[in-house]
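# Coordinate inspection notes
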Amino acid sequence: MKRMYTLIALLVAFLGVAFFKEQGGLATTSKPKVGVLTLMHHPALDQIYKGFVDELAREGYKDGKNITIEYQNAQGDQSNLKTMATKLVNDHATVLFGITTPASQALANATTKIPIVLGAVTDPKGAGLIKNDKKPGGNITGISNQAPVTDQLRLVHQFMPHAKTLGIIYTSSDPSAEAEHKQFVTQAKKMGLNLQSYSIANSNDLDQVSQHMLTEVDAVIVPTDNTIAGAMRTLVKNADTANKPVFPAADTMVKDGGVATYSINQYKLGVEGAKVTGAILKGKAKPETTAIEYIRHGDPVLNLKQAHKLGLTVPKEFEKAAKDHGEVFN
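What comes next concerns the included structure. (Residues numbered from 1 in each chain as written. Predicted model: local features only at pLDDT ≥ 70, side-chain atom pairs only at ≥ 80, totals over all residues. Heavy atoms only, no water.)

## Concerning the sheet that holds strand E10 (residues 260-263)
For clarity, the cut-off: For two strands to be treated as a pair, DSSP must find no fewer than two bridges joining them. In DSSP terms, a helix is any run of H or I states spanning at least four residues, a strand is any run of E spanning at least two, and both are numbered starting from the N terminus. Think of each axis as a best-fit line through the C-alpha atoms, taken over the contacting stretch in the case of a helix, with angles from 0 to 180 degrees between the N-to-C directions. Contacts are assigned to residue pairs that have any heavy atoms within 4.5 Å of one another.
The strand order across the open sheet formed by three strands is E10-E12-E13, and the pairing between neighbours is mixed. Two strands close off the open sheet at either side, each with one partner strand: E10 and strand E13 (327-329). Strand-to-strand, the axes of this sheet are offset by a mean angle of 15 degrees, without reference to chain direction. Of the strand pairs in this sheet, strand E12 (residues 299-303) and E13 are connected by three bridges, and their pairing is parallel. Within E13, the position partnered with Val 301 by the bridge is Glu 327. Sheet contacts for helix H5 (residues 149-159): E10 and E12; angle to E10, the most-contacted strand, approximately 165 degrees.

Here it is in structure tokens:
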């Protein structure tokens, strides 16, 4: 009789496991795996990853404890992205997180089944990743960072009210930078500002192109651009030589020698991406019906030391706002 009860118990347990797997639950006896793919190391992208890992832990998923996070970094070489994306898929990731548009595109090309969460993708639809913002369709959803272009142009004008020509430099192979560049051009026309465009194919072009640009403009604008962010010191070196200011999109680029900006909080991008990832892991959200979340509010960031070095008059209201609600580098 005991043997019969034991057999029945084992059968019930087996059927229970089979039923759960049939229902498609994400949680199994093995730890779920989150694959992360990023284009390169630089402070802004590293902050996104830090926010992502920290928030996953707050969501109940701590790396090495009840989840495995596999991190792949292409080190700025886009040719590495395809191989790394394929590896993450072959390693049976439960959810994938793409930091930057090229990384997200590589993941999308590698799988149409595993959920993909976008991190820091300025124009998801334009990049061919989703059908529309409210109902992305397919296996992709996530977070979009759109710099407050109008506020940034107004800020440049406040610092440089008598500037005749502004220059904007961006990487033509970066879909996010290209999309944001177009927004700057459109808004500059509406505001009556003379904005000249300069593009680079990769970081090797930055030194020569920026030197040429600085002979033709009074100040430089940089959109959200991972390539230039990674080589910001080259741009700042040339701008300092010409005694002209740079107004970049990200706080980390201001820290590296830019003058001021309204910056999207990079850490928050990672946090929000992790919240979406956590919801997918818990079975509370599906990519195809989860709307893209847009983060557009920028925090005031000021490099006071750089502004004084260039002899600029800092708008008092902006300086106060940066001290009270943003960040100031002295």
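Once you've had a look at it, read on.
## Things to note about the environment of Val 117
As for its position among the elements, Val 117 is in strand E4 (residues 116-119). Through-space distance from the C-alpha of Val 117 to that of Ser 104 is 8.2 Å; in sequence the pair is 13 residues apart. What Val 117 contacts, discounting residues up to four positions off in sequence, is Val 95, Leu 96, Phe 97, Gly 98, Thr 141, Gly 142, Gly 273, Val 276, Thr 277 and Ile 280.

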